[in-house]
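For reference, the chains in residue letters:
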Amino acid sequence: MIIGIIGGVGSGKSTVLDYLEEKYNANIIKSDLVAKDIMTPGHKVYHKVLSTFPEVNDNGNIDRTKLAEIVFNDKDKLDLLNSITHPGTIDEINRLIDISKSDVTVVESAILIGSGIEKRCHELWFVYCEREERIRRLISSRGYSRQKAIDIINSQPDDDEYNFYADEYIDNSSTPSSTMEQIDLIMNREIC
Ligand SMILES: CC(C)(COP(=O)(O)OP(=O)(O)OC[C@H]1O[C@@H](n2cnc3c(N)ncnc32)[C@H](O)[C@@H]1O)[C@@H](O)C(=O)NCCC(=O)NCCS
Ligand SMILES: Nc1ncnc2c1ncn2[C@@H]1O[C@H](COP(=O)(O)OP(=O)(O)OP(=O)(O)O)[C@@H](O)[C@H]1O
């Protein structure tokens, strides 16, 4: 079974993935890690990013904090970055799905909808968390400024859109144990 996990930044997708990996032996594919990997030296995407955004060249490394400041403030620039990074990211995710040997393969992404990968998923789960709680968690755990959290949230699909595509809904606004209970209910329903 292939499960797609959707939801905005800081909603708790990674937290859900950790539990699925630990308890259900799921094979986890995280799109932000895949994208990060193809943005390293030796990959075409790395060179294209640096030639398109020369201001983020930090001694041959991509300054990701600076790139985030640029793109999450400017939709045209985010679209431009996406046009460089998404094709390679999507190809690599498809390859990782193809070679997955696990009974449960889970693909996580804030940008899954419209990538085509969502069509390969047997189910899409929407991880929801109240907006203010997400902002609080991102400030306290990642050191984001309030404005950075808001800029990223505003650059992503809104909750209604995620909800529209979702087969299952997980509310992660409360405690981790409440979230785990919801996951168990869904997984047990699958097994029955
Ligand atoms: C802008 C970049 C360099 C910032 O890197 P940084 O290490 O600071 O943050 P990180 O990659 O962890 O992203 C932070 C959060 O932003 C969100 N995000 C990232 N890229 C995008 C995007 N293209 N559209 C909407 N949200 C995004 C995700 O929720 C992510 O968890 C990086 O996010 C990036 O290269 N994005 C474009 C590639 C992409 O689409 N990646 C997949 C995102 S799921
Ligand atoms: N139920 C919870 N209670 C308290 N803190 C939580 C809970 N769920 C997640 N967190 C914390 O909130 C932060 C954001 O969660 P997480 O990293 O799982 O979000 P995400 O959806 O994967 O974000 P991204 O889109 O950036 O990948 C993390 O520091 C995590 O530890």
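See the structure above.
The structure reproduced in this document is the subject of the present report. Because the structure is a prediction, the values reported are computed rather than measured.

1. Considerations on the packing of aromatic side chains
Counting across every chain of the model gives six aromatic pairs. Arranged with centres 6.1 Å apart and planes meeting at 70°, the rings of Phe126 and Tyr128 form a pair that is edge-to-face. In this pair, the class of Phe126 matches that of Tyr128, namely buried. Measuring from ring centre to ring centre gives 5.1 Å for Phe164 and Tyr165, while their planes differ by 85°; the resulting arrangement is edge-to-face. The positively charged end of Lys148 is found above the aromatic ring belonging to Tyr144, 4.5 Å away from the centroid.

2. Examining the site of ligand 2
Surveying the vicinity of ligand 2 reveals 17 residues, the closest of which are Lys13, Ser14, Thr15, Ser141 and Arg142. Residue Gly10 places a main-chain N or O atom 3.0 Å away from an oxygen atom belonging to ligand 2. The side chain of Ser14 places a nitrogen or oxygen atom 2.8 Å from an oxygen atom of ligand 2. Protein coverage of the free-state accessible area of ligand 2, which is 640 Å², stands at 77%. Grouping the amino acids of the shell around ligand 2 by side-chain chemistry returns two nonpolar, 10 polar and five charged.

Conventions used here
Residues numbered from 1 in each chain as written. Chains lettered and ligands numbered in written order. Predicted model: local features only at pLDDT ≥ 70, side-chain atom pairs only at ≥ 80, totals over all residues. Heavy atoms only, no water. Phe/Tyr/Trp six-rings, centres within 6.5 Å; stacked < 30°, edge-to-face > 60°. Buried < 20%, exposed > 50% of the residue type's maximum accessible area, 1.4 Å probe, protein only. Lys NZ or Arg CZ within 6 Å of the ring centre and 35° of its normal. Near = heavy atom within 4 Å. Polar contact = N/O pair within 3.5 Å; in protein donor to acceptor, adjacent residues only side chain to side chain. Areas by Shrake-Rupley, 256 points an atom, 1.4 Å probe, with all protein chains shown as cover. Nonpolar A, V, L, I, M, F, W, Y, C, P; charged D, E, K, R; others polar.

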